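A closer look at the structure
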Amino acid sequence: MPNPFPKRLVAAPLQAPVFCIAFAAAAATLASAAEPDFARDVEPVFVKSCYSCHGPKAQLGGLRLDAKTTALGGGQSGPAIVPGKAADSLLIQRVLGHGDQARMPMGAKPLDTTTIAILKAWIDAGATWPESSANAAPAEVKKHWAFIPPHRPAEPVVKIANWARNPIDKFILAKLEAEKLAPSSPAAKATLLRRASLDLIGLPPTVEELHAFLNDKSPNAYEKQIDRLLASPHYGERWGRIWLDGARYADSDGFEKDKPRSVWFYRDWVINALNRDLPYDRFIIEQLAGDLLPNATQDQIVATGFLRNSMINEEGGVDPEQFRMEAMFDRMDAIGKSMLGVTIQCAQCHNHKYDPLKQEEYYRIFAFLNDSHEAQIAVYTPQQQIKRAEIFRRTRELEADLQHRNPDWQQRMAAWEAQAMQNQPKWTAIVPSIDDISTGGQRFAAMKDASMLAAGYAPTKFTPEATLKAGPEPVTAIRLELLTDPNLPLGGPGRSPKGSLALTEFEVVAAPSDDPEKIVKVKLAKATADVNPPEALLEPIFQDKSGRRRVTGPIEYAIDNNPDTAWNIDVGPGLRNQPRKAVFTFEQPVSFPAGTTLIVKL
């Protein structure tokens, strides 16, 4: 069967983990057809059969075979390896059992004839020892075979030269001829097409495709089928699955509640990247740092979804920072195994004995990822992008028309803003101290701009208390600002899937700062907000099992002392995910000479 991947050259590195195992095994068994390679053919024999007695831990007879200098120098009996002269090398004499000495390896099964032939051929060819091993001191660990660049071997000479259709066929045929075996008869066309279809797209051929191939008598009929399969969108689906497994792709969070996650844009990016033959270097760069590229496109930002596939734990009581770190370590593991082909997690704690990655280098990569902003952005299908661009275009046209019909709009806007500022009360931003009085698992973190960021598990019902320390000046109102955050799925400000929230009650109590036990309830005169949606039934996700009719609506619902009503900030598609404000005005100003402590219950 000819090579089924003659034209998928760009994407070939993605398939390398699948095929290199089979090719490496074939190369080892065909060593007799070409000059043996030390790292591939000889050193594994030393490791398996010789190092226990003649390696870094023991050197019986003074012979040590794990470094070139000591191996060529030999032991007490003389030179074990004489380059170019296998017959004069004690190593060959001892593994053959010649002379009056015990056959090697002592106490173990003798080497088979094929292995001995490899050793003899290697010595007769000059006992070439790679520099990575030749320059190493005996105590050093030699370079692992996986890090030695591969070299194209010479094609073997075969007897039936016209049977081979490509170089790989020659290696197969050389082994068959060495074993005195004849090649199998060509597979039937139906079998050949089924094999190719399952290999390339993971699906069997349809009846129509099979009939078309059987009826195609042209000499390149098979090649045309390969071209058809490579052009199929199922190609990316078939081979993308392997990469997605390495990237930990999943449609849910994994831990405990295993909540669904919507990251299929990344899955489709991988599939499309394979189908459009994205060069491998771009395939890697865009998944590691697509969002950092100049003028990054949506696709390049989506590609960094590779870094966001770790499991997420939203169980009540978890420490958000702990599991953010757990996700970071898993991210490093994914990069090591998928992109580097190395298990780098050992370097999380110490330098590895065999892998070249050091602990310092591990944490350099870690720092690069850990210092990146992890915004969760909204992405759009091509159809949605067209519609979005049209909306923005129309908006710009309307704005330009309004400005044209109102040439003094800038002066009028400035005058309006100045008037509004004069009528504004004097607001003072106070960093609150928030105590979690629920068991919902949500936590708050103080931010530099005096805001509080909610994190951890987002519970259905939650009642935090915010403590505010004011001075002796009268306090007449409290303004609640609900801010967006780029790390939320759609920016917030609420933590529901739509970025919404419902505020059932807003309550305030006050006490003198020097006598916090003298608590008085603050009566609220009115509440105003920038959005006041009409009354509507509360979303089912917020409903309890009591069967009560719970409704949402304008801001007044937040101060009506009714637990079945709530202020809702969701005013419909296109108006969500915006910062929102509400002002709660006191019936009477509150002040104490030593300062005022205000406790707000949300």
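Please refer to the structure placed before this passage.
Below: a short report on this structure. Everything numeric in this text was worked out from a predicted model, so none of it was measured. (Residues numbered from 1 in each chain as written. Predicted model: local features only at pLDDT ≥ 70, side-chain atom pairs only at ≥ 80, totals over all residues. Heavy atoms only, no water.)

The next thing to look at is the overall build of the protein chain. A count of helical and extended segments in the protein chain gives 19 helices and 14 strands. Expressed as a percentage of its 602 residues, the buried residues of the protein chain come to 34%. At a minimum sequence separation of 6, the contacts of the protein chain that also span at least 24 residues come to 61%. As displayed, the protein chain offers around 35,800 Å² of accessible surface, 57% of which is attributable to carbon and sulfur atoms. (Helix = DSSP H or I, 4+ residues; strand = E, 2+ residues; numbered from the N terminus. Buried < 20%, exposed > 50% of the residue type's maximum accessible area, 1.4 Å probe, protein only. Contact = heavy atoms within 4.5 Å. Areas by Shrake-Rupley, 256 points an atom, 1.4 Å probe, with all protein chains shown as cover.)

Moving on: the pattern of salt bridges. According to the stated counting rule, one finds 25 salt bridges in the structure shown. Note that E286 and R282 form a salt bridge whose closest N and O atoms lie 3.7 Å from each other. Here the residue E286 and the residue R282 both occupy positions in helix α14 (residues 280–289), the gap between them amounting to four residues, near one helical turn. With relative accessibility at 6%, the residue E286 sits in the buried group. R282 gets classed as partly exposed once you look at its relative accessible area, which sits at 29%. As a salt-bridge pair, E390 and R393 come within 2.4 Å of each other at their nearest N and O atoms. Here the residue E390 and the residue R393 both occupy positions in helix α18 (residues 382–405), the gap between them amounting to three residues, near one helical turn. Residue E390 is classed as partly exposed on the basis of its relative accessible area of 39%. (Salt bridge = Lys/Arg side-chain N within 4 Å of Asp/Glu carboxyl O.)

Attention now goes to the environment of L214. Its place among the elements puts L214 in helix α10 (residues 207–215). Take L214: its relative accessible area is 32%, and that puts it in the partly exposed class. Distance from L214 to A190, taken between C-alpha atoms, is 7.3 Å for residues 24 residues apart in sequence. Residues contacting L214, with those up to four places away along its chain left out, are K189 and A190.

A word on the packing of aromatic side chains. Counting across every chain of the model gives 15 aromatic pairs. Relative to F283, the ring of W269 lies with its centre 5.6 Å away and its plane at 20°, an arrangement referred to as stacked. Taken together, the residues W269 in helix α13 (residues 264–275) and F283 in helix α14 connect sequence positions 14 residues apart. Accessibility assignment for this pair places W269 and F283 in one class, buried. Chaining the aromatic ring pairs together yields one cluster made of W243, W269, Y280, F283 and F306. Positioned over the ring face of F213 is K189, at 4.4 Å from the centre of the ring. Between the NZ or CZ atom of R238 and the centre of the ring of W239, over which it lies, the distance is 4.3 Å. (Phe/Tyr/Trp six-rings, centres within 6.5 Å; stacked < 30°, edge-to-face > 60°. Lys NZ or Arg CZ within 6 Å of the ring centre and 35° of its normal.)

In helix packing, the relevant descriptors are the interaxial angle and the interaxial distance, both defined with respect to the helix axes. At a minimum axis separation of 11 Å, α13 and α14 run at an interaxial angle of 165°. When the interaxial angle is binned, α13 and α14 end up roughly antiparallel. Crossing hand, α13 versus α14: right-handed. On the side of α13, the interface is formed by Y266, W269, V270 and A273, while α14 contributes F283, E286 and Q287. Per-class residue counts for the contact of α13 with α14 are five nonpolar, one polar and one charged. (Axes fitted to C-alpha atoms, helices over the stretch in contact; angles between N-to-C directions. Parallel < 35°, antiparallel > 145°, perpendicular 65-115°, else oblique. Left-handed = near helix turned anticlockwise from the far one by under 90°. Nonpolar A, V, L, I, M, F, W, Y, C, P; charged D, E, K, R; others polar.)

Quick look at the pairing of strand β3 (residues 452–456) now. Looking at chain direction, strand β2 (residues 442–446) and β3 are connected through five bridges and run antiparallel. The partner of F444 across the bridge, within β3, is A454. From the end of β2 to the start of β3, which pair antiparallel, there are five residues, and A450 there has a positive phi angle of about 75°. (Pairing = 2+ DSSP bridges.)

The subject of this paragraph is the pairing of strand β14 (residues 596–601). One ladder, built from six bridges, connects strand β4 (residues 464–470) with β14; its direction is antiparallel. What sits directly across from E465, in β14, is K601. Sheet topology places strand β7 (residues 507–512) next to β14; six bridges connect them, and they run antiparallel. Across the sheet, residue V508 finds its bridge partner in β14, namely V600.

Every buried residue of helix α2 (residues 38–49) is accounted for by F38, A39, D41, V42, E43, V45, F46 and S49. The distance from a side-chain oxygen at the start of α2 to the backbone nitrogen of A39 is 3.2 Å, and the residue carrying that oxygen is D37. (Polar contact = N/O pair within 3.5 Å; in protein donor to acceptor, adjacent residues only side chain to side chain.)

Together, W409, M413 and W416 make up a nonpolar patch on the protein surface, roughly 340 Å² of accessible area in all. Residue position: W416 is located in helix α19 (residues 409–423). (Patch = residues over 30% accessible without salt bridge, like charges linked within 9 Å, V, L, I, M, F, W, Y side chains within 5 Å.)

It is worth spelling out the sheet that holds strand β13 (residues 580–590) at this point. Across the sheet, three strands lie side by side as β5-β13-β9; this open sheet has antiparallel pairing. Every other strand in the sheet has two partners, leaving β5 (475–482) and β9 (524–529) as the edge strands with one partner each. Direction aside, neighbouring strands of the sheet carry axes that sit 15° apart on average. In the sheet, β9 pairs with β13 via five bridges, with the strands oriented antiparallel.

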